[in-house]
Amino acid sequence: MAKQKMSKLAKSEEKLALKLLIPTFIILLVIALYPLGQVFYTSFTNRTFAGTGTTEFVGLANYQRLLKMTIKELPPVIDEQTGQQKIDEETGQPVFEHPIRVLPRRPNLYRPVYNFKLAGHKYVIGAITPDFIRAVINTIIFTVFSVLLETILGLGVALVVNSEFKGRGVMRAVMLVPWAVITVVSAKMWEWMFQPTRAGLFNMLLNKAGLGSGNFSFLTNPTLQMPAIIAVDVWKTTPFMALLLLAGLQLIPNELYEAAEVDGASKIRQFLTITLPLLKPSVAVALIFRTLDSLRVFDVFQVMLAQKRYSMASFNYFQLISAREMGMASAIGVIIFILIFIFAIIYMKSLGVDTE
Amino acid sequence: MKKYLALFLSLVFILSFATAGLAQDKAEITLAAGNVGKELQFAKEAAQTYMDEHPDVKVNVLTTPDLSNDRLGLYLQFLEAESPKVDVYQVDVIWPGDLAHHFLDLNKYGAKEVADQHFQEIVQNNTVDGKLVALPWFTDAGLLYYRKDLLEKYDREVPKTWQELTDTAKYIMEKEREAGNPDFYGYVWQGDAYEGLTCDALEWVFSNGGGAIVNNDKKVSINNEKAIAAIQMAADWIGDISPTGVTGMAEEDARKMFEAGNALFMRNWPYAYSTGNSETSQIKGKFDVAPLPAGDSGHSAATLGGWNLAVSKYSEHPQVAADFALFLAGPRMQKKRALMTSSNPTIKSLYDDQDILDAYPFMGNLYDVFTNTVARPSTPTAPKYNQVSEVFYQAVHSVLTGESDAETAVQYMELDLQDLLGYESGDPRQP
């Protein structure tokens, strides 16, 4: 209908507009859609990185290898003499069969990811690529803890530098230093501080405090790896969080506080009823930024843990570079893309961020 | 204002093109060189010598990462892009099989005439389908570095077996700690999850009679009692004679700790000999090298290492690049390299060279170690060696950090390798 009413002039203008948009479309096509499409396509093949072999279309095989999981019950080991379940003499725990005997081996070998007990039975979760499943879990743990801590600390920092005091300008600049340092450099710096000898800062301090003998191995001990890496990220990204929240704080008009003061509201009351609600949009934006950013964390993991523990992105890197499985690596890329997409949508819906 | 900016930018463009045009007269080639110990310094000096002798060539030296896995990652990115940015690559002894199709056949560029001067095993290793894809540059074997002053002080022998090493290390470590160095450890080695751990663990397993992961006749041989015992032995060192942090250590980390005077024994490659005797080292003149200890097989095992020079198929100046590679791998530069970085030459006649033997007596004394090395299974597993190695070092690393026990890890290793390669299991090869 609208088209019929359009004058000739309008039509030709519309055509012109389309023509003028062509360069933009081409650029988008070349720099965004083409590589993305290429990754999608490669994820269905068995292409080798920098190799010569012929590339075949393998359908969903890469995704199956990454995501397929199974749960099996571990049968109890029966003591032949008593006919009862064997009890480990050292721990006093009942003995179950080893996962290696229970999990399927053909056509793909499943390896244990996690054991758990439910109502006296013991189960094992197996996966074909347990490293990837662990990488997903690592990344989610990393994201939840680092974003949570960064938000709390960032809010604290933002509130401090938002109040009036001497040297506030300098303080605001200084606050940004960790964020300005290149991640690889700061990760290296932390690596030195985490050194497993007394030459490392943390071991020296802990040793002075009477803990350990100066050989806590933060980056190789499986239980210390995650806390260490979260600490690095919190140190580095809290300033960014503070900056975003500070911008939000400055939007809150002072009159509101003055009015509250007159009405006799306490500082805490002011914070809970004025600051927090008005800061919510800023917090939401900051959370989205940081969550999506941490889900694709690569540099800290790559520098500090390399192949000792993976994030999704660093696992992707090693699949490509070390195992040279380009098809598999592309499939991981697609999975990361979809995961981040889902997170983004959940955030937008649940925090009510306006799309307008 | 904007107008001037545009003018300025276009001037910059013109100028940069003009200089690029001028540079065209000189053939410009790039060497991707390692940066462990003094080798980068050597590469730069060698490049300068070549430029002095060939004024029409400009040689750039590209620094690459320390860890061989990271270096391979960088190379693969150049090679996948078929990039002419790097002309000569320093490649690990385990890569020629995997990367052969990216490199030129150097036999066609004059390497045929010099090939028989080199160790034949390495030439064989670098020959893929009749093409010599890389020139031997220097060879490596794992060595046991020991503090001769401390062994003398506590009247102990250089250990011949792993058990002796463990006992001596524990004894002297405790004495030294009592004497006031609480940071002193018995033994440091390469325990991070990377290619270096494959080298170290292969030495434990092979010397213990546990075979070389995959046999040359394409049989997976890792699942056996001896291999399990060898890996368990190393896991027991951690927190005892080796620091817990050893599971994060590469060559340079171990060397720094040894050179700071904080370790009695160290497993490392020959390059650490020259750096250990440099001015900044705390242990200058206080250490020596020996073959690694033997295990249950009664033999010592040293993993074959070493680096070669390959010329990229995508080079814009293949003739110049090949000539430069031949120059670097030739006797004059190998001798200079040996003297400067204590790396072992691959040219047989250099082992009779008095200058080299005077500077590094071990090259003569330990000649047998260098000629009787155990090779990583890169030939029977090509082109999947890198994945095989990853399965191996990840499994060993999980035992070292206590995430898995040696038996389970080795069982999974066997299944994983069978899946990956499609080979049957076999009995381990003995030294």
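Residues numbered from 1 in each chain as written. Chains lettered and ligands numbered in written order. Predicted model: local features only at pLDDT ≥ 70, side-chain atom pairs only at ≥ 80, totals over all residues. Heavy atoms only, no water.

Named according to an unreviewed UniProt entry, chain B is Carbohydrate ABC transporter substrate-binding protein, CUT1 family originating from Halanaerobium salsuginis. As stated in UniProt under Sequence similarities (unreviewed entry), the record for chain B gives "Belongs to the bacterial solute-binding protein 1 family." (UniProt positions renumbered as here; feature names shortened; annotations may be inferred.)

For chain A, the name recorded in an unreviewed UniProt entry is Trehalose/maltose transport system permease protein, with Halanaerobium salsuginis as its organism. Chain A has a UniProt comment under Sequence similarities (unreviewed entry) that states "Belongs to the binding-protein-dependent transport system permease family." Turning to chain A, the UniProt record has this under Subcellular location (unreviewed entry): "Cell membrane".

Glancing now at the packing of aromatic side chains. All names here are of chain B. Considering all chains together, one arrives at 47 aromatic pairs over all chains under this definition. Here Phe362 and Phe370 contribute two aromatic rings whose centre-to-centre distance is 6.4 Å and whose plane-to-plane angle is 45°, an arrangement assigned as tilted. Exposure class is identical for Phe362 and Phe370. Each is buried. Put simply, the rings of Tyr145, Phe258, Tyr273, Phe287, Tyr360, Phe362 and Phe370 pair up and form one aromatic cluster. Above the face of the Tyr185 ring, Arg177 is positioned so that its terminal group lies 4.6 Å from the ring centre. In this arrangement the basic side chain of Arg267 is found over the ring face of Trp269, its NZ or CZ atom lying 4.3 Å from the centre. (Phe/Tyr/Trp six-rings, centres within 6.5 Å; stacked < 30°, edge-to-face > 60°. Buried < 20%, exposed > 50% of the residue type's maximum accessible area, 1.4 Å probe, protein only. Lys NZ or Arg CZ within 6 Å of the ring centre and 35° of its normal.)

Residues and elements named next belong to chain B. With six of six residues buried, strand β10 (residues 263–268) is to be regarded as a mostly interior element. With four bridges joining them, strand β7 (residues 143–147) and β10 adopt antiparallel strand pairing. Across the sheet, residue Leu144 finds its bridge partner in β10, namely Arg267. One ladder, built from three bridges, connects strand β8 (residues 185–188) with β10; its direction is parallel. Each bridged residue has a counterpart across the sheet, and for Tyr185 the counterpart in β10 is Ala263. (Helix = DSSP H or I, 4+ residues; strand = E, 2+ residues; numbered from the N terminus. Pairing = 2+ DSSP bridges.)

Let us now look at the UniProt feature "transmembrane region" (unreviewed entry) in chain A. When the UniProt feature table is mapped to this numbering, "transmembrane region" (unreviewed entry) covers residues 20–41, 140–161, 173–190 and 326–348 of chain A. Between the C-alpha atoms that bound residues 140–161 of chain A the distance is 31 Å, and the span itself is 100% helix and 0% strand.

In this section: unusual backbone geometry. Residues and elements named next belong to chain B. In the segment running from Ala382 into Pro383, the intervening peptide bond is cis, with an omega of 0°. By the secondary structure assignment, Pro383 is in the loop between α17 (378–381) and α18 (385–400). Positioned with a positive phi, Asp129 is a non-glycine residue whose angle comes to about 50°. Position of Asp129 relative to the elements: it lies in the loop between β4 (127–128) and β5 (131–132). The class for Asp129 is exposed, based on a relative accessible area of 76%. Unlike most non-glycine residues, Asp155 shows phi in positive territory, near 55°. Among the secondary structure elements, Asp155 is positioned in the loop between α6 (148–153) and α7 (162–178).

On to the domain arrangement of chain A, then. The assigned domain composition of chain A is domain 1 (69–127) and domain 2 (131–351). Put simply, the middle of domain 1 of chain A and the middle of domain 2 of chain A, counted by C-alpha atoms, are 38 Å apart. (Domains from an automatic or database assignment.)

This brings us to the UniProt feature "domain: ABC transmembrane type-1" (unreviewed entry) in chain A. The UniProt feature table records "domain: ABC transmembrane type-1" (unreviewed entry) at residues 136–347 of chain A. For residues 136–347 of chain A, helix accounts for 77% and strand for 0%, while the C-alpha atoms at its two ends are 19 Å apart.

Further remarks concern the packing of helix α10 (residues 222–250) of chain A against helix α12 (residues 267–295) of chain A. Helix-helix packing is described using two parameters, namely the angle between the two axes and the distance between the axes. All names here are of chain A. Between α10 and α12, the least distance of the axes is 9 Å, while the angle of their chain directions is 140°. If you check the angle between α10 and α12, you find them oblique. As α10 packs across α12, the resulting crossing turns out to be right-handed. Listed contacts from α12 to Asp233, Thr237, Phe240, Met241, Leu244, Leu245, Gly248 and Leu249 of α10 are Thr275, Leu279, Ser282, Val283, Ala286, Leu287, Phe289 and Arg290. (Axes fitted to C-alpha atoms, helices over the stretch in contact; angles between N-to-C directions. Parallel < 35°, antiparallel > 145°, perpendicular 65-115°, else oblique. Left-handed = near helix turned anticlockwise from the far one by under 90°. Contact = heavy atoms within 4.5 Å.)

What follows concerns empty space enclosed by the protein. Residue and element names in this part refer to chain B. Applying the stated criterion to the full structure yields two cavities of 30 Å³ or more. Its volume calculated, the largest cavity comes out at about 320 Å³. If you trace the largest cavity, you find 23 residues lining it, with Val36, Asp140, Glu251, Trp269 and Trp307 closest to the centre. Residue assignment for the lining of the largest cavity shows that the elements contributing at least two residues are α3 (68–80), β6 (135–141), α8 (195–207), β12 (304–311) and α13 (331–341). By residue class, the composition of the lining of the largest cavity is eight nonpolar, six polar and nine charged. Taken domain by domain, the makeup of the lining of the largest cavity includes at least three residues from each of domain 1 (2–140 + 304–371) and domain 2 (143–302 + 377–425). In this structure, the second largest cavity occupies an estimated 30 Å³ of space. As for the second largest cavity, its lining consists of Ser68, Asn69, Leu72, Asp92, Ile94, Trp95, Glu195 and Asn386. (1 Å grid on protein atoms, 1.4 Å probe; cavity = no way out; pocket = protein on both sides within 12 Å on 5 of 7 lines; lining within 4 Å. Points joined across faces, edges and corners; volume = space filled by probe spheres on them. Nonpolar A, V, L, I, M, F, W, Y, C, P; charged D, E, K, R; others polar.)

Its boundaries defined by the atoms lining it, the second largest pocket holds a volume of some 1,200 Å³. Surrounding the second largest pocket, 42 residues form its lining, Lys188, Glu191 and Trp192 of chain A together with Gly248 and Asp253 of chain B being those nearest its centre. Residue assignment for the lining of the second largest pocket shows that the elements contributing at least two residues are α8 (183–193) and α13 (299–304) of chain A together with α3 and α10 (251–259) of chain B. In terms of residue count, α10 of chain B provides more of the lining of the second largest pocket than any other element does, five residues in total. Residue composition of the lining of the second largest pocket, grouped by class: 20 nonpolar, 10 polar and 12 charged.

Moving on: a nonpolar patch on the surface. Residues and elements named next belong to chain A. A surface patch of nonpolar side chains, about 710 Å² in accessible area, is lined by Leu36, Phe40, Phe337, Ile338, Phe341, Ile342, Ile345 and Ile346. In terms of residue count, helix α15 (residues 326–351) provides more of the nonpolar patch than any other element does, six residues in total. In this fold, Phe341 is placed in helix α15. For Phe341, a relative accessible area of 52% corresponds to the exposed category. (Patch = residues over 30% accessible without salt bridge, like charges linked within 9 Å, V, L, I, M, F, W, Y side chains within 5 Å. Areas by Shrake-Rupley, 256 points an atom, 1.4 Å probe, with all protein chains shown as cover. Salt bridge = Lys/Arg side-chain N within 4 Å of Asp/Glu carboxyl O.)

Another point: a negative patch on the surface. A surface patch of like charges, here negative, comprises Asp155, Glu157, Glu164 and Asp167 of chain B. A residue is classified by how much of its surface remains accessible, and Asp155 of chain B, at 67% relative accessible area, is exposed. (Lys, Arg positive; Asp, Glu negative; His and termini not counted. Charge placed at Lys NZ, Arg CZ, Asp CG, Glu CD.)

Quick look at the side chain of Glu390 of chain B now. Positionally, Glu390 of chain B belongs in helix α18. For the buried Glu390 of chain B, no salt bridge is present, and the opposite-charge side chain at shortest range is Arg111 of chain A, 10 Å distant. Glu390 of chain B has contacts with Gln307, Tyr310, Ser322 and Ala323 of chain A, leaving out every residue within four places of it along the chain.

Take the interface of chain A and chain B next. With 32 residues of chain A in contact, the opposing surface of chain B contributes 34 residues. With both sides pooled, the region where chain A packs onto chain B buries about 2,900 Å², and carbon together with sulfur makes up 48% of that total. Residue Arg111 of chain A is joined to Asp416 of chain B by a salt bridge in which the shortest nitrogen-to-oxygen separation is 2.1 Å. Where chain A packs against chain B, one counts 17 residue pairs in polar contact (both at pLDDT 80 or more). (Buried area = accessible area lost by both parts, 1.4 Å probe. Polar contact = N/O pair within 3.5 Å; in protein donor to acceptor, adjacent residues only side chain to side chain.)

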